[in-house]
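Residues per chain, in single letters:
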Amino acid sequence: MFKYRIHKEADNVKFKETCEKLIRGVDNLTPEEPLIDVDGTIIQKFTCWEGNITIFNDYEIDAFYIDSDINLDDILK
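Conventions adopted
- Residues numbered from 1 in each chain as written.
- Predicted model: local features only at pLDDT ≥ 70, side-chain atom pairs only at ≥ 80, totals over all residues.
- Heavy atoms only, no water.
- Helix = DSSP H or I, 4+ residues; strand = E, 2+ residues; numbered from the N terminus.
- Rg over C-alpha atoms; globule rule 2.2 N^0.38 Å.
- Buried < 20%, exposed > 50% of the residue type's maximum accessible area, 1.4 Å probe, protein only.
- Contact = heavy atoms within 4.5 Å.
- Areas by Shrake-Rupley, 256 points an atom, 1.4 Å probe, with all protein chains shown as cover.
- Expected span 1.5 Å × (residues − 1).
- Arc of directions from axis to C-beta.
- Polar contact = N/O pair within 3.5 Å; in protein donor to acceptor, adjacent residues only side chain to side chain.

**Remarks on the overall build of the chain**
Within the chain one finds two helices and six strands. Moving toward the C terminus, one meets the helices and strands of the chain in the order β-α-β-β-β-β-β-α. Relative to its length of 77 residues, the chain is compact, with a C-alpha radius of gyration of 12 Å against a globular reference of 11 Å. Looking at the chain as a whole, 36% of its 77 residues qualify as buried. Contacts in the chain between residues far apart in sequence, at least 24 positions, make up 47% of those at least 6 positions apart. Put simply, the chain shows about 5000 Å² of open surface, and 49% of that area lies on carbon and sulfur atoms.

In structure tokens:
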């Protein structure tokens, strides 16, 4: 499992940009319907043949991070 801390604060603009970057950078990536919490937190899950990617734009802990089965170093730089 790979973990990426994208931004030290939750950020809707960076969240959207990162989702778009992943869709362009990972072959056959399929987004699921995002989960939106009452505090504004968004959890976006993606699946592909290599594994799963979950993006958290978490307002409760004020962080923007990714948990991934796939190494995303080259895509996120």
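**Observations regarding helix H1 (residues 12-25)**
Across its 14 residues, H1 extends 20 Å between first and last C-alpha, which sits within 8% of the 20 Å expected from 1.5 Å per residue. Residues Phe 15, Thr 18, Cys 19 and Leu 22 constitute the buried set of H1. Taken around the axis of H1, the buried residues stretch over an arc of 100°, which confines them to a single face. H1 presents Val 13, Lys 16 and Arg 24 as exposed residues on the side facing more than 90 degrees away from its buried surface. Of the residues flanking the start of H1, the one acting as N-cap is Asp 11, its side-chain oxygen 2.9 Å from the backbone nitrogen of Val 13.

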